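Residues per chain, in single letters:
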Amino acid sequence: MNTKHEIIICLGSSCFSRGNRDTLKVIEKYIKDNNLKDRVHFRGKLCSEKCSLGPVIFIDQKIHEAVRADTVVELLDELFAT
Ligand code: FES
């Protein structure tokens, strides 16, 4: 696959303090450990105005709600399975 995936993590204070602080580290480690730097754009953004659904991340423009550091790997495995 040549197209890069895009992962955006909300780093607004609500999402950050409620879990994205750890999820950020998990995603960074996952990309590094699996040598995926060339397959993904990973960046953070400020509050996405979805605080009540948070912590949120966006994968290829699809929102994922109530993301947890201990389950985000499942999303990543699914994304990079192909
Ligand atoms: S802080 Fe993430 S949606 Fe507001």
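In short, a report on the structure. (Residues numbered from 1 in each chain as written. Predicted model: local features only at pLDDT ≥ 70, side-chain atom pairs only at ≥ 80, totals over all residues.)

1. Some remarks on the sheet that holds strand β2 (residues 40-45)
Strand pairing in a sheet takes place through backbone hydrogen bonds and is either antiparallel or parallel in direction.
Okay, so step 1: Strands sit in the order β2-β1-β3-β4 across an open sheet of 4 strands; the sheet is mixed. What marks the edges here is a single partner per strand, and that holds for β2 and β4 (62-64). Each neighbouring strand pair of the sheet contributes to a mean axis angle of 20°, computed without reference to strand direction.
Okay, so step 2: Across 3 bridges, strand β3 (residues 57-59) lies against β4 in antiparallel orientation. Bridge pairing in β4 links F58 to I63.
Okay, so step 3: Lying on the sheet, helix α1 (residues 13-33) is in contact with β1 (5-10), β2 and β3; it crosses β1 at an angle near 150°. (Pairing = 2+ DSSP bridges. Helix = DSSP H or I, 4+ residues; strand = E, 2+ residues; numbered from the N terminus. Axes fitted to C-alpha atoms, helices over the stretch in contact; angles between N-to-C directions. Contact = placed C-beta atoms within 7 Å.)

2. A few points about the pairing of β2
Okay, so step 1: Across 6 bridges, the pairing between β1 and β2 is parallel. Paired with C10 across the two strands is K45, which belongs to β2.
Okay, so step 2: Following the chain from β1 across α1 to the adjacent parallel β2, one finds a crossover that is right-handed. (Right-handed = clockwise from strand over helix to strand, strands pointing away.)

3. Comments concerning the environment of D77
Okay, so step 1: Secondary-structure assignment places D77 in helix α2 (residues 72-79).
Okay, so step 2: Note: C-alpha distance between D77 and Y30 (47 residues apart in sequence) is 9.4 Å.

4. Some words on the packing of α1 against α2
Okay, so step 1: Taken N-terminus to C-terminus, the directions of α1 and α2 make an angle of 35°; their axes are 10 Å apart at the nearest point. The handedness of the crossing between α1 and α2 is right-handed. Residue-level contacts link T23, V26, I27 and Y30 of α1 to V72, V73 and L76 of α2.
Okay, so step 2: Taken together, the residues of the contact of α1 with α2 sort by class into 6 nonpolar, 1 polar and no charged. (Left-handed = near helix turned anticlockwise from the far one by under 90°. Nonpolar A, V, L, I, M, F, W, Y, C, P; charged D, E, K, R; others polar.)

5. A closer look at the environment of T23
Okay, so step 1: Within the secondary structure layout, T23 lies in helix α1.
Okay, so step 2: Accessibility expressed as a C-beta count within 10 Å gives 25 for T23, which makes it buried.
Okay, so step 3: Sequence separation between T23 and H5 is 18 residues, and the spatial gap between their C-alpha atoms is 17 Å.
Okay, so step 4: Not counting residues up to four positions away in its chain, the partners in contact with T23 are I9, P55, I57, V67, A69 and V72. (Buried ≥ 20, exposed ≤ 12 C-beta atoms within 10 Å, placed from the backbone.)

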